[in-house]
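# Tertiary structure, described
If you want the building blocks of each chain, they are given just below.
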Amino acid sequence: MIRLRGHMVCVTAEESAVVQAHVAEHIRLSRAEPGCLTFEVTPTDDPLVWEVMESFRTQEDFNAHQIRTRTSKWFEATRNILRDFRVEAIGD
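Residues numbered from 1 in each chain as written. Predicted model: local features only at pLDDT ≥ 70, side-chain atom pairs only at ≥ 80, totals over all residues. Heavy atoms only, no water.

Further remarks concern helix 1 (residues 13-31). The end-to-end C-alpha distance of helix 1, which contains 19 residues, comes to 27 Å, matching closely the 27 Å that a straight helix rising 1.5 Å per residue would cover. In helix 1, a bend of some 45 degrees at H22 exceeds every other bend along the element. Turning to helix 1, its buried residues are S16, V19, V23, H26, I27 and S30. Close packing links the buried residues of helix 1 with strand 1 (2-9), strand 2 (36-43), strand 3 (49-56), helix 2 (59-70) and helix 3 (73-78). (Helix = DSSP H or I, 4+ residues; strand = E, 2+ residues; numbered from the N terminus. Expected span 1.5 Å × (residues − 1). Bend = angle between axes of the 7 residues up to and from the residue. Buried < 20%, exposed > 50% of the residue type's maximum accessible area, 1.4 Å probe, protein only. Contact = heavy atoms within 4.5 Å.)

Taken across its eight residues, strand 3 has six buried, putting it largely inside the fold. When strand 1 meets strand 3, the two strands line up antiparallel, connected through eight bridges. In the sheet register, G6 faces strand 3, and the bridge partner there is V52. In this sheet, strand 3 lies alongside strand 2 in antiparallel orientation, the contact comprising seven bridges. Of the residues in strand 3, the one forming a bridge with F39 is E54. Between strand 2 and strand 3, which pair antiparallel in sequence order, lie five residues. (Pairing = 2+ DSSP bridges.)

Packing of helix 1 against helix 2 leaves a shortest axis separation of 11 Å and a crossing angle of 145 degrees. The crossing of helix 1 and helix 2 is right-handed. Residues H26, L29 and S30 of helix 1 pack against H65, R68 and T69 of helix 2. When grouped by side-chain class, the residues that make up the contact of helix 1 with helix 2 number one nonpolar, four polar and one charged. (Axes fitted to C-alpha atoms, helices over the stretch in contact; angles between N-to-C directions. Left-handed = near helix turned anticlockwise from the far one by under 90°. Nonpolar A, V, L, I, M, F, W, Y, C, P; charged D, E, K, R; others polar.)

Shown next, in the form of structure tokens:
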């Protein structure tokens, strides 16, 4: 299993509004991907910070997710927002 955990850190309220406007569709599409086990992007107590937690069955599934998102409306809209993520392999 591959797990990604971390935060998206917005600099302005406008950036946070962009995340809010696109996050539901991003979550829906990501959860529908083969191998997606969990996928969450949730606001924190800080209105500029979003917690990101996702897991995929295999490295290949995670890689496919990364490739898909790089050509998505989500990435186009949020590409300049700071991402502070850790990716780790869990189990065998």
